Amino acid sequence: MGETGDTMRVVQLLVFGLGTGAFLLIATLGFALIRRVEGFLNIAHVELMSLAAFVTWYFNSSLGWHFLIAATIAVAITALVALVIARVIYDPIKHLGAPILLISSVGVAFLLHGITAAVVGVGIRSFEIPRLDAWRIGGVLVTPYRMVLLVLAAATSVGLALFLNKTRTGKSIRAMAINRELAGSRGINVVRTSRATWLVSGVLAGLGGVALGVLGTLTTDIAFQQILVILAVAIVAGLGSLYGVIAAAFIVAFAMDLSLLALPGGYRPVIAFAIVIVVLLIRPQGFAGSREEVTA
Amino acid sequence: MNWGQLAITVVTVVSILGVLTLVLNMQYGHAGMINFGVVAYFAVGAYAYVLVTQAPPSEASLDQYVIGLGLPPWAGLIGAALAGLVFAAITGWPTLRLRGEYLALTTFAFAEVFHSFIVNEQRFANGTRGLVGVPRPYRETLDFVDYDIVLAIGALVFLIVVYVIFERIVKSPYGRALEALRDDELALITSGKRSRRFRMEIFLFTAPFAGMAGAFYVWYTTLVIPDLFTAEVTFIVWIALVLGGEGSNRGALIGITLVTLFEELVRAIPFSTIRAAQVAAELEVAALGLLLIIFLRWQPFAAWTKAPKRVARS
């Protein structure tokens, strides 16, 4: 392969990485939102994604409904499940602190995973969506569904930004993220706002799950395998930062996909992890955030 | 159901995982460090033991591993402890200056990367195929007794030794300093102690025991495959610790005994179809998750096992 061949390969992987980044962006936004507003890392976020993916699969592939209808139902169900989990499990132990909430969320992840896997069973599943041929643009293969994800990710980011900046509930969420007590004393209904946050996070997890199924085939373990990469994106962005997630998602995605030039595919998560180590060594607070809460 | 066999299995597994729970209790319960990668220190011990003791790779076999020192089992056990120590040094150096959730994330990530390494690197230990039929130490010399019983007793003795050592540390002035590290780090620093050094010391001191527990695990399973060393091990140890009440070595042992009993009893149920067995295995995962949630919330054993926090009233 000559020099142009190498360049083409890099361009190809970058185009591929756009799709990966779009998925990571959607998947991490809801996770980062909860960290920002509720103050803890909700590991169960990935299992909510898994739930959304399999609910979509059930309505779409088993019952034969249109993919978009199935996906909408799945997103709605996931948002409701996220809210119920928050009210039944997380709210009562809030006073115990972030580490206990984090460990509890691992329990929630186990619970959701066990139920999903028991119901769905083993095997590889995929959505009933039309198989589209890749476009060839100047020698580079572009997968249509990856571009659809890119549009979805852009729409999600813009939608979330508008929601947080323009609506009353969104502004309440932002106020609560900065100072919960002050927001409460200034007349913001903290309980209602917290519920709204969980619904939004659930919708984002739902979209992430649907995106996961669009990107490839599904197994019950596939969502949990994403947690490491999602954590990497969240750390690179600075835990709790939302706008940082947009840049971080693509940095991590490009790094992982470009690593295919030199390493076997199984090492992609290792690349994500290497980025985490470098970020924690140089700038542990990520793009945003203060250093004090990070290091001892 | 063979109750005698079940009892031997439970004693062996409780002893091995009990050491891991005690290690985690020292790190989290006493020193306040959230280690979400416990399984990695266990796994490096198991793999180190096999690499040290197995025969060098032969041309004729299908094995792809490159290291095999062919040393006796006691050397393997030392190798397992050293591997735990080295891995703790490598992972502890960048992570221990981080707090709470950041430490949890990096230890978790290190464990996942190690898992990904043993899955993908064929030359290390045959990748996903792993190494099977690892010989049990002194099997021939001990052929007049049931080897399972010998192993159960050996593992139990190991657990008791670790328990006694850890209890001595906890009760010592050093142990009180550790509790200060967990409960009121500022007070510890103010009284002239270096908190970061304490963290590193306890991390390095406890990890070799997790490595040795890995070697015992190899004797029990006679194989090392990546599937044995998933994040599930970490979480089971966490569930056990939370169940018994973190901060108490006795509580840690009660916790791991209950979790292991639960798991082995579920495993011992005979199922008529493969599908039923799969559903049961998945529901067991769900039940463990539910237990973790419930015990974190109500902490039923905490009043009995947990020492009160020593924090000055403000």
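Since this is a predicted model, take the numbers as computed values, not measurements.

A. Seen up close, the overall build of chain A. Scanning chain A for helices and strands turns up eleven helices and two strands. Along the chain direction, N to C, the helices and strands of chain A fall in the order α-α-α-α-β-β-α-α-α-α-α-α-α. In terms of C-alpha radius of gyration, chain A reaches 19 Å, essentially the compact-globule figure of 19 Å for 296 residues. Scored against the burial criterion, the 296 residues of chain A give a buried share of 49%.

B. Molecular detail of helix α6 (residues 147–171) of chain B. With 25 residues, α6(B) ought to run about 36 Å at 1.5 Å a step, and its terminal C-alpha atoms sit 36 Å apart, in line with that. Every buried residue belonging to α6(B) is among B:Leu151, B:Ala152, B:Ala155, B:Phe158, B:Leu159, B:Val162, B:Phe166 and B:Val170, and all of these are buried.

C. View of the packing of helix α2 (residues 45–62) of chain A against helix α8 (residues 190–215) of chain A. Residue and element names in this part refer to chain A. Interhelical geometry of α2 versus α8 gives an angle of 60° and a closest axis separation of 7 Å. On the basis of the axis angle, α2 is oblique to α8. In this structure, the crossing between α2 and α8 has a hand that is right-handed. Seen from α2, the contacting residues are His45, Leu48, Met49, Ser50, Leu51, Ala52, Ala53, Thr56 and Trp57; seen from α8, they are Gly202, Ala205, Gly206, Gly208, Gly209, Val210, Leu212 and Gly213. By residue class, the composition of the contact of α2 with α8 is nine nonpolar, eight polar and no charged.

D. Looking closely at the confidence of the model for chain B. With 92% of its residues at a pLDDT of 70 or more, chain B shows a mean pLDDT of 84. The ipTM, which scores confidence in the relative placement of chains, is 0.84 for this predicted complex, and the corresponding pTM is 0.85.

E. Structural detail: the nonpolar core. Formed by 198 residues in total, the largest nonpolar core has its most connected members in A:Ala232, A:Val233, A:Val252, B:Val19, B:Phe42 and B:Ile239. For this core, the element with the most residues is helix α2 (residues 38–53) of chain B, which contributes 14 residues. Dropping the residues within four chain positions of it, B:Val19 is found in contact with B:Phe158, B:Leu159, B:Val162, B:Phe209, B:Ala210 and B:Ala213.

F. Spatial organisation of unusual backbone geometry. Located in the positive-phi region is B:Thr222, a residue other than glycine, with phi close to 60°. Take B:Thr222: it is sitting in the loop between α9 (195–221) and β2 (223–224).

G. Highlighting the interface of chain A and chain B. Between chain A and chain B, the contact holds 41 residues from the first and 36 residues from the second. Listed by contribution, the elements that provide at least two residues to the side of chain A that touches chain B are α4 (98–120), α9 (227–237) and α11 (268–282) of chain A. No other element matches the 17 residues that α4(A) contributes to the side of chain A that touches chain B.

H. Expanded view of the packing of α2(A) against α4(A). Residues and elements named next belong to chain A. The contact between α2 and α4 brings their axes to 9 Å, and the two run at 20°. When the axis of α2 is compared with that of α4, the two are roughly parallel. The two elements α2 and α4 meet at a crossing, and its hand is left-handed. Of α4, the residues touching α2 (which contributes Val46, Glu47, Leu48, Ser50, Leu51 and Phe54) are Ala109, Leu112, His113, Thr116 and Val120. Partitioned by chemical class, the residues of the contact of α2 with α4 number seven nonpolar, three polar and one charged.

I. Inspection of the environment of B:Phe166 at higher detail. All names here are of chain B. Relative to the assigned elements, phenylalanine 166 resides in helix α6. Overall, phenylalanine 166 belongs to the buried group, with 22 C-beta atoms counted inside 10 Å. Put simply, phenylalanine 166 and glutamate 284 are 118 residues apart on the chain and 31 Å apart in space, counted from C-alpha to C-alpha. If we skip the residues at most four places from it in the chain, phenylalanine 166 touches Leu22, Met26 and Asn249.

J. Geometry of helix α12 (residues 274–298) of chain B. All names here are of chain B. Taking 1.5 Å per residue, 25 residues should reach 36 Å; α12 reaches 36 Å between its end C-alpha atoms and fits that length. Every buried residue of α12 is listed here: Glu282, Val285, Leu288, Gly289, Leu291, Leu292, Ile293, Phe295 and Leu296. Phi turns positive, to about 40°, at glutamine 299, one or two residues after α12.

Conventions and cut-offs
- Residues numbered from 1 in each chain as written.
- Chains lettered and ligands numbered in written order.
- Predicted model: local features only at pLDDT ≥ 70, side-chain atom pairs only at ≥ 80, totals over all residues.
- Helix = DSSP H or I, 4+ residues; strand = E, 2+ residues; numbered from the N terminus.
- Rg over C-alpha atoms; globule rule 2.2 N^0.38 Å.
- Buried ≥ 20, exposed ≤ 12 C-beta atoms within 10 Å, placed from the backbone.
- Expected span 1.5 Å × (residues − 1).
- Axes fitted to C-alpha atoms, helices over the stretch in contact; angles between N-to-C directions.
- Parallel < 35°, antiparallel > 145°, perpendicular 65-115°, else oblique.
- Left-handed = near helix turned anticlockwise from the far one by under 90°.
- Contact = placed C-beta atoms within 7 Å.
- Nonpolar A, V, L, I, M, F, W, Y, C, P; charged D, E, K, R; others polar.
- pLDDT = per-residue confidence, 0-100.
- Core = buried A, V, L, I, M, F, W, Y, C linked by C-beta atoms within 7 Å.

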